Amino acid sequence: MFFFQKPKIYTGNRKMRKFLKDHVEYSQKIYWPAPLIWNGILQSIFAVTDRLPKKLKLPYNREIVKLRDGGQVGLDFLAAEKIVNGNKLTVLLLPGLTSSAQTSYVKSLVMAITKAGANVHVLNNRGIGGVPLTTAKSFSAATINDLIDILEHLNIKYSGEKIFIIGTSFGGITLNRYLTKEPEAARTRILGALIISSVFDLEGCSKCIETPITKYLINYPICEDLKRRMQYYDDILNDQPWYNVEKMKKCKTVRDFDREITSQSYGFKSDVDYYAECSTIKKLHLLPVPLYSLNAIDDPIQYGKYLPIDEAEAENSNLTLITTRHGGHLGFLEGLSPFRKKNFHFMEKFTQDFVQAVLHHQEEFVTNA
């Protein structure tokens, strides 16, 4: 049975709650999940197919950013549709694990951001979105160095002007780690952040995607995608002691891949150690700027029981959770027909509304920390 409900707000920060109530209309609106695909797993699967078609390419301008270790990433830029009353805002969008600037849900979020009146840079990670891998290091939640370099680059580009960050799924994990590990630098460079369907507890996430149905429909396909991307760069990775092609080929789940490849490439003893280091569930009291998180309780990658509700409700917390009963992982799909292409669903509408609120009430937003 599915339910039509307003989002629930969890926070111990009265100013952050007031900001939502006063300026973010969609934090108070009922979310009507698509009745034919209301289930969290179906929402997650259709999240990619039920938005923009692959053939639609957004007209980004790409900039290749060289990183301190010799690696490189791509920043794809799209300008705001229009500037209202001279208000300007730059958004950095950090996509999910295997996503690029041309992934369906990323494109629809970019459209929401630019429609709200903000400029946006979308990160294409190492080896993703047509960005060649130039070192034997790919990207993972184990390091925040790439994000540090990117923020330094944007800080120079915009003469010290603070930016707003939106992180989706894996992008939110990286962002959370940066905020809790580099709080002083974050205060000088970031206004605040919104994360969507992000994970706070990686061990909990692994348990969620290892349940029977989710394992076959979500876990296995993600693992296969990760293996394909690594094998594409065999010529660069083959001489690395941690890169064992035969072991990788035997990986069936994301945990298998993290045990054999990810954790080894970053010097962890095991997948358990890797997950513990990269989880922020016990570090959220360190958040230096306002962080808002949109999550669905039925997200098959992170069930509602793993959300940091107690941490959000701590007095003067800088974390606010906005939760819906349904929506899956990066889904939040609406409409009677799951087969009709639709650019804007609840996730996009909420994002546009939120970015507009930050853009036009920036002074009030930054005083919430």
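Whatever comes next refers back to the structure up there.
This report concerns the structure included in the present document. (Residues numbered from 1 in each chain as written. Predicted model: local features only at pLDDT ≥ 70, side-chain atom pairs only at ≥ 80, totals over all residues. Heavy atoms only, no water.)

### Observations concerning the pairing of strand β8 (residues 291-296)
- Most of β8 is tucked away, with 6 of its 6 residues classed as buried.
- Covered by surrounding structure in β8 are L291, S293 and N295 together with Y292, L294 and A296, the residues of both alternating faces.
- Bridge analysis of strand β7 (residues 190-196) against β8 gives 4 bridges, and the strand direction is parallel. Along β8, the bridge assignment pairs I195 with S293.
- Looking at chain direction, β8 and strand β9 (residues 319-324) are connected through 6 bridges and run parallel. Bridge pairing in β9 links A296 to T324. (Buried < 20%, exposed > 50% of the residue type's maximum accessible area, 1.4 Å probe, protein only. Helix = DSSP H or I, 4+ residues; strand = E, 2+ residues; numbered from the N terminus. Pairing = 2+ DSSP bridges.)

### With respect to a nonpolar patch on the surface
- Taken together, L42, I45, I213, Y216 and L217 make up a surface patch of nonpolar side chains, about 480 Å² in accessible area.
- When residues of the nonpolar patch are traced back to their parent elements, those giving at least two are α2 (40-49) and α8 (212-232).
- Ranked by residue count, the leading element in the nonpolar patch is α8, at 3 residues.
- Residue position: I45 is located in helix α2.
- For I45, a relative accessible area of 33% translates into the label partly exposed. (Patch = residues over 30% accessible without salt bridge, like charges linked within 9 Å, V, L, I, M, F, W, Y side chains within 5 Å. Areas by Shrake-Rupley, 256 points an atom, 1.4 Å probe, with all protein chains shown as cover. Salt bridge = Lys/Arg side-chain N within 4 Å of Asp/Glu carboxyl O.)

### Considering helix α14 (residues 346-360)
- In a regular helix each residue adds 1.5 Å, so 15 residues correspond to 21 Å; α14 covers 21 Å between its end C-alpha atoms and thus fits that length.
- Taken across its 15 residues, α14 has 12 buried, putting it largely inside the fold.
- Taken together, the buried positions of α14 are occupied by F346, M347, E348, F350, T351, Q352, D353, F354, V355, A357, V358 and L359. (Expected span 1.5 Å × (residues − 1).)

### Quick look at the pattern of salt bridges
- For the coordinates displayed, the defined rule picks out 20 salt bridges.
- Residues R187 and E184 are paired through a salt bridge, measuring 2.6 Å at the closest nitrogen-oxygen approach. Taken together, the residues span about one helical turn, with R187 and E184 both in helix α6 (residues 183-189) at a distance of 3 residues.
- Residues E203 and R255 are paired through a salt bridge, measuring 2.5 Å at the closest nitrogen-oxygen approach. Placement of the pair is E203 in helix α7 (residues 202-209) and R255 in helix α11 (residues 254-265), with a sequence separation of 52 residues.
- Under the relative-accessibility criterion, E203 is labelled partly exposed at 24%.
- For R255, a relative accessible area of 11% corresponds to the buried category.
- Through salt bridges with shared partners, one network takes in E203, E210, R255, D256, R259 and D271.

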